[in-house]
Amino acid sequence: MRHFRCIIAFESSACKLPLIKYQDGRTRCHMYTAAATGTYSSSISHIASCRRCCPAPGFTTFATTSAMTFANGEESGRARAHFVLVPMMAQGHTIPMTDMARLLAQHGAQVSIITTPVNASRLAGFIADVDAAGLAVQLVQLRFPAVEFGLPDGCENLDLVQSSDLLVNFLDACGALREPLAALLREQQHPPPSCIISDVMHWWTGDIARELGIPRLAFIGFCGFSSLARYIIFHHKVFEDVTDENELITIPGFPTPLELTKAKSPGGIVIPGIESIRDKILEEELRCDGEVMNSFQELETLYIESFEQMTGKKVWTVGPMCLCNQDSNTMAARGNTASMDEAQCLQWLDSMKPGSVIFVSFGSLACTAPQQLIELGLGLEASKKPFIWVIKAGDKFPEVEEWLADGFEKRVKDRGMIIRGWAPQVMILWHQAIGGFMTHCGWNSTIEGICAGVPMITWPHFAEQFLNEKLLVDVLKTGVEVGVKEVTQWGQEHKEVMVTRNAVEKAVCTVMDEGEAAEELRMRAKDYAIKAKRAFSEEGSSYNNVRLLIQEMGNRTNAWGVNIK
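Residues numbered from 1 in each chain as written. Predicted model: local features only at pLDDT ≥ 70, side-chain atom pairs only at ≥ 80, totals over all residues. Heavy atoms only, no water.

The name that an unreviewed UniProt entry assigns to the protein is Glycosyltransferase, with the source organism given as Brachypodium distachyon. Annotation of the protein in UniProt includes, under Sequence similarities (unreviewed entry), the sentence "Belongs to the UDP-glycosyltransferase family." (UniProt positions renumbered as here; feature names shortened; annotations may be inferred.)

Novice: Could you clarify how one ought to interpret the overall build of the protein in this entry?
Specialist: Along the protein, the regular secondary structure elements total 20 helices and 18 strands. For the protein, buried positions account for 60% of its 565 residues. Expressed as a percentage of contacts within the protein between residues at least 6 apart in sequence, the contacts between residues at least 24 apart total 71%. When the accessible surface of the protein is split by element, carbon and sulfur atoms take 50% of a total near 22500 Å². (Helix = DSSP H or I, 4+ residues; strand = E, 2+ residues; numbered from the N terminus. Buried < 20%, exposed > 50% of the residue type's maximum accessible area, 1.4 Å probe, protein only. Contact = heavy atoms within 4.5 Å. Areas by Shrake-Rupley, 256 points an atom, 1.4 Å probe, with all protein chains shown as cover.)

Novice: Even after reading the chapter, I still don't get the pattern of salt bridges, so can you show me in this structure?
Specialist: For side chains of opposite charge, pairing can occur when their charged atoms come near one another. This model, assessed by the stated rule, comprises 21 salt bridges. Ionic pairing is found between R143 and E148, a salt bridge with its closest N-O pair at 2.6 Å. According to the relative accessible area criterion, R143 is partly exposed, its value standing at 44%. (Salt bridge = Lys/Arg side-chain N within 4 Å of Asp/Glu carboxyl O.)

Novice: What's the story with the sheet that holds strand β16 (residues 434-439) in this structure? I'm lost.
Specialist: What links the strands of a sheet is backbone hydrogen bonding, and the strands pair in either a parallel or an antiparallel sense. The parallel open sheet is built from 6 strands, whose spatial order is β15-β14-β13-β16-β17-β18. Taken across any chain shown, the strands that pair with only one partner, and hence form the sheet edges, are β15 (416-420) and β18 (479-481). Strand-to-strand twist in this sheet, taken as the mean axis angle between neighbours without regard to direction, amounts to 20 degrees. Pairing between strand β17 (residues 456-458) and β18: 3 bridges, direction parallel. Across the sheet, T458 pairs through a bridge with E481, a residue of β18. The strands that helix α18 (residues 501-512) touches are β13 (357-361), β16, β17 and β18; relative to β16, the one it contacts most, it runs at about 145 degrees. (Pairing = 2+ DSSP bridges. Axes fitted to C-alpha atoms, helices over the stretch in contact; angles between N-to-C directions.)

Structural data, given as structure tokens:
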């Protein structure tokens, strides 16, 4: 008998399957009925994890129609590799994991993404898109225990955490998902999980993988350059005895000269209780079976190879994963729901000359002070260059809105578009009108800018962003510093202006003007974009790594005697 796993979200409005009430009083979906009625050509054994069919405490699940045919994929009797992805509940961490899910499924694997109800609602566009493409991707929802850990009800994403003081509560709540997830995966036998790929923050998934006897691969979300520096800094305790946070320290063992201050290093947040969590993350990182990296060999070979040698771990470079999104609908479905009319945005870009527009966006977590946003806007105005500016000011937005309405928008209406809130970044970045990108240097944005083939203006805020700035400016030589001197930690706000309007104007003109230096920046940026596409294309380095990863995990699954017939 061939088994189909039916996983239906009865609590989701997205579920369209009819329900049938049986004599035993239990309600089941029509997939259960198919085996008895002969509705389907193959007999179907219903193995459900939904509350109404086979209640299991602590979780509900959501599946696309393509997920219902997971186990039907291989006629040869060999089970396909089944990857369980566990992203950190933050937009910058989730987006590359959804790209990873799409990428693995495009190459023939089966994928389950573990998430929570609030985050699942943000992924509705992504799920609809992969479903329409017939990809074997399912979304599995676990109830998030926000209230139990002192968080507001519904606080299920890092961008909803209102204070850095609640970060430990949020991470502890994430850790409480261990038992519900373990229970789910113990029951998942058709097909069983082959491998867990989890965000490095979810250190607790290592225990689940060992219990199930499957590999756990860590996903940091950094590039090779920053991953290597982070590893050295943490495991060699580079800054442990440094008292001056602004003293430049040489990073030992790094393959090229690298100096960094303690303030600008990864892990700079100091909150009671965070150290014990960080220790668990680092300990589990040493125990993981390898790392998956959203980069490509040709971009930073030296740093990736050095990272492998230093850690003794296999690094699967499978990026740039954003390249798996090749049409405007797919690009628009990434991340959250857009805060503007995408068609109107594209129409505006179509009206601009190729390479003439500077795109300004600082990611999902950076919250820039109103006075700094105003100074940035005045610098964009003074540059006289067309721009798209994505503004996120959190609860301080009314102050910025008042300034925008007080003449600024009117003065720049012919050459400036302002987006308030979430924007489809890749769709905008890859338009031919974009000629430069002012970025906070988060790795997702950085790799998307590299794929766009445009020079970048670097404005790092916190975490590894200052390392990414060094990669762009000093190594790849495709970036120009705007001149950020101080760190703006997540959850904190600088009231004073750190970057002046003159510095903004100068950086924009350096990147967007027609001089020889700007042209060299553009040529290098375009060259890396070509290398990125080659790596991702058939027989490229990342393409081959994805195939090898799936093959290795599939071989392990079948070596354990798993057979879907």
